[in-house]
Amino acid sequence: MASGSSLQDANIGKVFDALDVTKDGIISAADFTALAEGVAAQLVPDAEEHRRQDIVTAFLGWWAQIERDADTDGDGQVSREEFVAATERGLADNPDYLDEAYAKVAETVFEVLDRDGDGNISREEYIAMYASAEVSAEIAESAFERIDQNGDGVIDYAEFRAALQEMFTTSDPDAPGAGLLG
């Protein structure tokens, strides 16, 4: 399943960079908590506490899986190299690896972005998600265009999940998920 291609390695590295909130070259529970709180503050600033907590819980669940699979020395921190190797190993060994890893985060973020509950994310909502992770609006705009496969001006959950899957697995630079993080 994992190709180990340079594009795949680059994309997985970009995911690591987005998760490394402190920009210290390692990820930890503190990075995931800070990222989740930033996402919640940006996407649901006036939401009920349970919605904010859903985001934090989903991100900390993803961290638990990463820590389990990648923290080879048991220090509660994961380096870029550990993250890339564990992700590629997980993809190669387990067809459900990505669903186990980030499905709850994807589902929770999609539900939060879909403010009107119509099953779609608008361009503005999608760009707001990128802003919460400090990714440029230019990259967000480009990613939106790539993900909106049917050209209807919104992203549905199937398009969203397919692009996230491709971000981790593709070796095709033209795949919708290939350039999600620039």
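Residues numbered from 1 in each chain as written. Predicted model: local features only at pLDDT ≥ 70, side-chain atom pairs only at ≥ 80, totals over all residues. Heavy atoms only, no water.

**Student:** Help me understand unusual backbone geometry in this model?
**Tutor:** Leaving glycine aside, a negative phi is the common case for residues, and trans is the common case for peptide bonds. You will see that K23, though not glycine, has its phi angle at about 55°, which is positive. As for its placement among the helices and strands, K23 is situated in the loop between α1 (6–19) and β1 (26–28). A relative accessible area of 56% means that K23 is categorised as exposed. (Helix = DSSP H or I, 4+ residues; strand = E, 2+ residues; numbered from the N terminus. Buried < 20%, exposed > 50% of the residue type's maximum accessible area, 1.4 Å probe, protein only.)

**Student:** What should I look at first to understand helix α5 (residues 97–113) in this one?
**Tutor:** The end-to-end C-alpha distance of α5 is 24 Å, a good match for the 24 Å that 17 residues give at a rise of 1.5 Å each. Of all the bends found along α5, the most pronounced is centred on A103 and spans about 55°. Burial within α5 is extensive, with 12 of its 17 residues counted as buried. Burial in α5 covers these residues: Y97, L98, A101, Y102, A103, V105, A106, T108, V109, F110, V112 and L113. (Expected span 1.5 Å × (residues − 1). Bend = angle between axes of the 7 residues up to and from the residue.)

**Student:** Where do I start with the environment of A178 in this structure?
**Tutor:** Summarising the element assignment, A178 is placed in the segment after α8 (157–169). Accessibility expressed as a relative area gives 4% for A178, which makes it buried. Along the backbone, A178 and E166 are 12 residues apart, and their C-alpha atoms lie at a distance of 6.3 Å. Discounting chain neighbours no more than four positions away, the residues touching A178 are L7, N11, R146, T170, D172 and P173. (Contact = heavy atoms within 4.5 Å.)

**Student:** Just checking my understanding: could you explain empty space enclosed by the protein for this structure?
**Tutor:** Empty space among the atoms becomes apparent when a probe as large as a water molecule is rolled across them. Per the stated rule, a full pass over the model turns up two cavities of 30 Å³ or more. In this structure, the largest cavity encloses a volume near 450 Å³. In this structure, the largest cavity is lined by 25 residues; those nearest its centre are W62, M129, L164, M167 and L181. The set of elements that each furnish at least two residues to the lining of the largest cavity consists of α1, α2 (29–43), α3 (49–70), α5, α6 (123–132) and α8. Ranked by residues supplied to the lining of the largest cavity, first place goes to α8 with five residues. Taken together, W62, Q65, I66, F83, T87, Y97, L98, A101, Y102 and F168 make up the lining of the second largest cavity. Those elements that provide at least two residues to the lining of the second largest cavity are α3, α4 (80–93) and α5. It is α5 that provides the largest number of residues to the lining of the second largest cavity, a total of four residues. Here the residues of the lining of the second largest cavity are counted per class, giving eight nonpolar, two polar and no charged. (1 Å grid on protein atoms, 1.4 Å probe; cavity = no way out; pocket = protein on both sides within 12 Å on 5 of 7 lines; lining within 4 Å. Points joined across faces, edges and corners; volume = space filled by probe spheres on them. Nonpolar A, V, L, I, M, F, W, Y, C, P; charged D, E, K, R; others polar.)

**Student:** In this structure, what is going on with the environment of E111? I would like to understand it.
**Tutor:** Take E111: it is sitting in helix α5. Its relative accessible area of 39% is what places E111 among the partly exposed residues.

**Student:** Mind showing me how you'd approach the packing of α1 against α8 here?
**Tutor:** For any two helices packed against each other, the geometry is given by the interaxial angle and the distance between the axes. At a minimum axis separation of 7 Å, α1 and α8 run at an interaxial angle of 115°. In terms of orientation, α1 and α8 fall into the roughly perpendicular class. Packed against α1, whose contacting residues are Q8, N11, I12 and V15, the element α8 presents M167, F168 and T169 at the interface. For the contact of α1 with α8, the class distribution of residues is four nonpolar, three polar and no charged. (Axes fitted to C-alpha atoms, helices over the stretch in contact; angles between N-to-C directions. Parallel < 35°, antiparallel > 145°, perpendicular 65-115°, else oblique.)

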